[in-house]
Amino acid sequence: MRSEAERRKRVNRIKKIILFTIVLAILVPVILCIILFYRVSRLESKIRQLEAAQEMRLAERGSDDGRLSPGNGKSDYLMQDIAEPDEQKEPDEQTPPAETDAEAGTGDSVTDEPEGETEAGTGADEPDGKTEAGTGADEPDGDEAASGDPDGDMPVQEASAEQRYEGYRKVYLTFDDGPSIYTDNILDILDSYGILGTFFVVGKTDEHSQEMYRRIVEEGHTLGMHSYSHKYHEIYASVDAFTQDLEKLSDYLYDMTGTTCRYYRFPGGSSNTVSKVDIQELIDVLAEREIIYFDWNVVSGDAMNVDFSVDELVNNVIYNLEEYHTAVVLMHDSGDKPLTVTALPIIIERIMAMDHTVILPISEETVRIQHVVPDHER
Ligand code: ZN
């Protein structure tokens, strides 16, 4: 009897051990999985932050970065980010062209050195604040700077705000890829703060887009070109193809607005890695037509692979533009970028709160922010 009881006890103990082992064998991997999952997602978010920071740093680095010399027009991560040209969508679709990823990257040899650019005659003459072409909150000493054109007869573009704001940090808000369903909202926001922006548009033939081209011009913003088709594989296939696309958009915008566009932004920037043609040849095409191209040195990140929150979009702009006297901010006017519209008023208010800082539309006098320096200017 006794041995029977002992045997049972032993069997029970063994049973317990087996059960315990099984439970352990299940629990341990599950717990490990949970811990690993948590750590992986933390690392992933860290990587995303680092990638974003890296892109920002590259933007700030400017032309003194020997690794990204002017002219080669290439940067590794631009190559990674850029979509296959064949995947480009039609420009009149609401979804953004794949190029926007490329634009989210930053350029090679930005001509505006952080803190390196000093305005000639800084401080010598205070801006007098007449006939304002879009100001920030930081008005020059004097009168009704933000009240538009007091004389009522001077087009805002010709007010030479650049000269009157000598010594100020100048911020240029630029919107690529429009018109879109958000163009009205963006224009309303800019209007509500009494400032002017720059729109690098593509060719869209629907009625709303046509109205938007006109509204941009009528309200005094700078209308720039961003290619008609926005299809990389077409416009960058040859000099002829680029020229045809350029003329098509230029003619179309002239028909729509009665004005000739003098500004261009290369899809993907002048530092894009897609062009089969030497970008210098395309720069020559623009120069022959007295068209100035602008890249950017500050990115909001609204077209990056990272899904930035509104706060992050705002901070991307604000923290980076502090480094520059001339900050050209890349944003997108695109149907799938509602956060840009949400972030815009906050961005504007934060810029307006900065000392000696003014928001202006791009003009001929704007310091050229170009990733690739034109050969003829070297
Ligand atoms: Zn674009």
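Shown above is the structure to which this text applies.
Report on the accompanying structure. None of the values given here were measured: they were computed from a predicted structure.

With respect to helix α10 (residues 310–321)
Inference 1: Its twelve residues place the ends of α10 17 Å apart at the C-alpha level, agreeing with the 16 Å of an ideal helix rising 1.5 Å per residue.
Inference 2: Along α10, the residues classified as buried are Val 310, Leu 313, Val 314, Asn 316, Val 317, Ile 318, Asn 320 and Leu 321.

Looking at unusual backbone geometry
Inference 1: The omega angle of the peptide bond from Gly 178 to Pro 179 is 0 degrees, so this bond is cis rather than trans.
Inference 2: Position of Pro 179 relative to the elements: it lies in the loop between β1 (169–176) and α5 (183–192).
Inference 3: Positive phi values are uncommon outside glycine, yet Ser 227 reaches one of about 80 degrees.
Inference 4: Residue class for Ser 227 comes out buried when judged on its relative accessible area of 0%.
Inference 5: One non-glycine residue with positive phi stands out, namely His 230, at about 60 degrees.

Topic: the pattern of salt bridges
Inference 1: Under the counting rule described, the total for this entry stands at eleven salt bridges.
Inference 2: The partner of Arg 7 in a salt bridge is Glu 4, with the nearest N and O atoms 3.6 Å apart. Highlighted residues: Arg 7 and Glu 4, both in helix α1 (residues 2–61), separated by three residues, approximately one helical turn.
Inference 3: Here Glu 4 falls in the partly exposed class, since its relative accessible area comes to 33%.
Inference 4: Asp 336 serves as the salt-bridge partner of Lys 337, at 3.0 Å between the closest nitrogen and oxygen.
Inference 5: The exposure class of Lys 337 is buried, given its relative accessible area of 7%.

A closer look at the packing of aromatic side chains
Inference 1: Taken as a whole, this structure holds ten aromatic pairs when the rule is applied.
Inference 2: Relative to Phe 294, the ring of Tyr 263 has its centre 6.4 Å away and its plane inclined at 50 degrees; by these criteria the two rings are tilted. Taken as a pair, Tyr 263 in strand β4 (residues 263–264) and Phe 294 in the loop between β5 (292–293) and β6 (298–299) lie far apart in primary sequence, 31 residues in all.
Inference 3: Judged by its relative accessible area of 0%, Phe 294 falls in the buried class.
Inference 4: Ring geometry for Tyr 264 versus Phe 266: centroids 5.3 Å apart, planes at 75 degrees, classification edge-to-face. Exposure class is identical for Tyr 264 and Phe 266. Each is buried.
Inference 5: Members of the aromatic cluster, connected to one another through ring pairs, are Phe 242, Tyr 264, Phe 266 and Tyr 293.
Inference 6: Geometry around Tyr 228 places Lys 248 over its ring, the cationic atom sitting 4.2 Å from the centre.

Notes on the packing of α10 against helix α11 (residues 338–352)
When two helices pack together, their arrangement is captured by the angle between the axes and the distance separating the axes.
Inference 1: One way to put it is that α10 packs onto α11 with a least axis distance of 9 Å and a crossing angle of 40 degrees. One way to sum up the angle between α10 and α11 is to call them oblique. By crossing handedness, the relation of α10 to α11 is classed as right-handed. Contact with α10, carried on its side by Val 310, Leu 313, Val 314, Asn 315, Val 317, Ile 318, Tyr 319 and Leu 321, involves Leu 339, Thr 340, Thr 342, Ala 343, Ile 346, Ile 347, Arg 350 and Ile 351 of α11 and no other residues of that element.

Describing α5
Inference 1: Among all positions in α5, only Thr 183, Ile 186, Leu 187, Ile 189 and Leu 190 are buried. All buried residues of α5 lie within an arc of 160 degrees about the axis, which places them on one face of the element. Opposite the buried face of α5, by more than 90 degrees, sit the exposed residues Asp 191 and Ser 192.
Inference 2: At its buried positions, α5 is contacted by β1, β2 (198–201), α6 (207–218) and α11.
Inference 3: Note on α5: the residue one or two positions beyond its end, Gly 194, has a positive phi of about 65 degrees.

Criteria and cut-off values
- Residue positions within a chain follow its written sequence, with the count starting from 1.
- A pLDDT threshold of at least 70 governs which residues receive local features in this predicted model, and a stricter bar of 80 or more applies before side-chain atom pairs are shown or counted, although totals over entire chains, interfaces and linings include all residues.
- To obtain the side-chain values, all non-hydrogen atoms of the structure were included, while hydrogens and water were left out.
- Working definition: helices are DSSP H or I runs of at least four residues, strands are E runs of at least two. Numbering for both runs from the N terminus.
- Under the convention used throughout, the expected extent of a helix is 1.5 Å for every residue step, that is, one less than its residue count.
- Categorising residues by exposure relies on relative accessible area from a 1.4 Å probe, with only protein chains included: less than 20% of the type maximum marks a residue as buried, more than 50% marks it as exposed, and the intermediate range marks it as partly exposed.
- Throughout this description, the term salt bridge denotes a Lys or Arg side-chain nitrogen within 4 Å of a carboxyl oxygen of Asp or Glu.
- Note on aromatic contacts: the rings of Phe and Tyr and the six-membered ring of Trp form a pair at centre separations within 6.5 Å, being stacked when their planes are under 30 degrees apart, edge-to-face when over 60 apart, and tilted otherwise.
- For a ring to carry a charge above it, either NZ of a lysine or CZ of an arginine must fall within 6 Å of the ring centroid while also lying within 35 degrees of the normal to the ring plane.
- Between the N-to-C directions of two axes lies an angle of 0 to 180 degrees, each axis being a line fitted to C-alpha atoms and, for a helix, fitted only over the stretch in contact.
- Convention used here: angles under 35 degrees read as roughly parallel, angles over 145 as roughly antiparallel, angles from 65 to 115 as roughly perpendicular, and any remaining angle as oblique.
- Note: crossing handedness is left-handed where the near helix turns anticlockwise from the far helix by less than a right angle, and right-handed where it turns clockwise.
- Contacts: residue pairs with any heavy atoms within 4.5 Å of one another.
- The directions considered for the arc run from the helix axis to the C-beta atoms.

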